[in-house]
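Here's the letter readout for the chains.
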Amino acid sequence: MTTWIRTYDDESEIWSYFELDDEEWALRHVDLQGLQRRPVTAASLAEVIEIRDRGDLAAMASYERQYGVLAEGTLHGWREADGVAEVARQEFESTWAAARETLDANRIEETS
């Protein structure tokens, strides 16, 4: 069963959204920073595995520069943590799409 959650870290002013598998590992991960909620991470486990399996370190470095680093480890215990809430799939999907669009546009601007 897939679960979608949102957390907030007021120290670093980061909203984090996670799509979790049934073992509570991150399938996709979005970080939005500051009051403007500027996307800084929108990483996907499927994409990371694909790059890793090709053994292309340069491609992995490029991916991480563009989309950030996927959360590592399980998120077991999130239900007991302060400031964590389950969100609807639609909220996660719209957040994911907007973050990817912004990070893709930033990449195009950097290479132009």
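What counts and what doesn't
Residues numbered from 1 in each chain as written. Predicted model: local features only at pLDDT ≥ 70, side-chain atom pairs only at ≥ 80, totals over all residues. Heavy atoms only, no water. Patch = residues over 30% accessible without salt bridge, like charges linked within 9 Å, V, L, I, M, F, W, Y side chains within 5 Å. Areas by Shrake-Rupley, 256 points an atom, 1.4 Å probe, with all protein chains shown as cover. Salt bridge = Lys/Arg side-chain N within 4 Å of Asp/Glu carboxyl O. Lys, Arg positive; Asp, Glu negative; His and termini not counted. Charge placed at Lys NZ, Arg CZ, Asp CG, Glu CD. Helix = DSSP H or I, 4+ residues; strand = E, 2+ residues; numbered from the N terminus. Pairing = 2+ DSSP bridges. Axes fitted to C-alpha atoms, helices over the stretch in contact; angles between N-to-C directions. Contact = heavy atoms within 4.5 Å. Buried < 20%, exposed > 50% of the residue type's maximum accessible area, 1.4 Å probe, protein only. Polar contact = N/O pair within 3.5 Å; in protein donor to acceptor, adjacent residues only side chain to side chain. Parallel < 35°, antiparallel > 145°, perpendicular 65-115°, else oblique. Nonpolar A, V, L, I, M, F, W, Y, C, P; charged D, E, K, R; others polar. Phe/Tyr/Trp six-rings, centres within 6.5 Å; stacked < 30°, edge-to-face > 60°. Lys NZ or Arg CZ within 6 Å of the ring centre and 35° of its normal.

*Asks:* Even after reading the chapter, I still don't get a negative patch on the surface, so can you show me in this structure?
*Replies:* Taken together, the side chains of Asp9, Asp10, Glu11 and Glu13 present a region of like negative charge at the surface. By the element assignment, Asp9 lies in strand S1 (residues 3-9).

*Asks:* In this structure, what is going on with the sheet that holds strand S5 (residues 84-86)? I would like to understand it.
*Replies:* In any sheet, the strands associate via hydrogen bonds between backbone groups, in a parallel or an antiparallel arrangement. One open sheet accounts for five strands, arranged S4-S3-S2-S1-S5; its pairing is antiparallel. Two strands close off the open sheet at either side, each with one partner strand: strand S4 (38-44) and S5. For this sheet, the mean inter-axis angle between neighbouring strands, taken without regard to orientation, is 15°. Of the strands in this sheet, strand S3 (26-33) and S4 touch helix H1 (residues 45-54), which is tilted by about 60° from S4.

*Asks:* Explain unusual backbone geometry here, please?
*Replies:* In terms of backbone geometry, most residues other than glycine have negative phi values and most peptide bonds are trans. For Glu24, which is not a glycine, the phi torsion comes out positive at approximately 65°. Tracing the backbone through its elements, the reader meets Glu24 in the loop between strand S2 (14-20) and S3. With relative accessibility at 13%, the residue Glu24 sits in the buried group. One non-glycine residue with positive phi stands out, namely Arg37, at about 55°.

*Asks:* Can you help me understand the side chain of Glu19 in this one?
*Replies:* In this fold, Glu19 is placed in strand S2. Engagement of the side chain of Glu19 in a polar contact is seen with the side chain of Arg28, the distance being 2.7 Å. Among all residues touching Glu19, those that are not within four sequence positions of it are Thr2, Thr3, Trp4, Trp25, Ala26, Leu27, Arg28, Phe92 and Glu93.

*Asks:* Mind showing me how you'd approach the packing of H1 against helix H2 (residues 57-67) here?
*Replies:* Where H1 meets H2, the closest approach of the two axes is 8 Å, and the angle between their N-to-C directions is 155°. Put simply, H1 runs roughly antiparallel to H2. Where H1 abuts H2, its residues Glu47, Val48, Ile51, Arg52 and Arg54 lie against Ala59, Met60 and Tyr63. Considered class by class, the residues forming the contact of H1 with H2 number five nonpolar, no polar and three charged.

*Asks:* Would you mind going over the environment of His76 with me for this structure?
*Replies:* Within the secondary structure, His76 sits in the loop between H2 and S5. Sequence-wise, His76 and Glu24 are 52 residues apart; in three dimensions their C-alpha atoms are separated by 5.9 Å. If we ignore the near neighbours within four places in the chain, the residues touching His76 are Glu23 and Glu24. Polar contacts involving the side chain of His76 include one to the main-chain carbonyl oxygen of Glu23, which spans 3.4 Å. Of the polar contacts made by the side chain of His76, one reaches the side chain of Thr74; its length is 3.2 Å.

*Asks:* Whenever I open this one, the packing of aromatic side chains confuses me. Can you help?
*Replies:* Describing an aromatic ring pair means giving the distance of the ring centres and the angle of the ring planes. Considering all chains together, one arrives at three aromatic pairs under this definition. An angle of 50° between the planes, with centres 5.0 Å apart, marks the rings of Tyr63 and Tyr67 as tilted. Note that Tyr63 and Tyr67 are positioned in helix H2 at a spacing of four residues, about one turn of the helix. Look at Phe92 and Trp96: their rings are 6.3 Å apart centre to centre, the planes differ by 15°, and that puts the pair in the stacked class. Here Phe92 and its partner Trp96 are both found in helix H3 (residues 89-111), four residues apart, which amounts to about one turn of the helix. Its relative accessible area of 0% is what places Phe92 among the buried residues. According to the relative accessible area criterion, Trp96 is buried, its value standing at 11%. Arg37 extends its terminal NZ or CZ atom over the ring of Trp15, reaching a point 4.4 Å from the ring centre. Lying across the ring of Tyr67, Arg100 places its NZ or CZ 3.6 Å from the centre.

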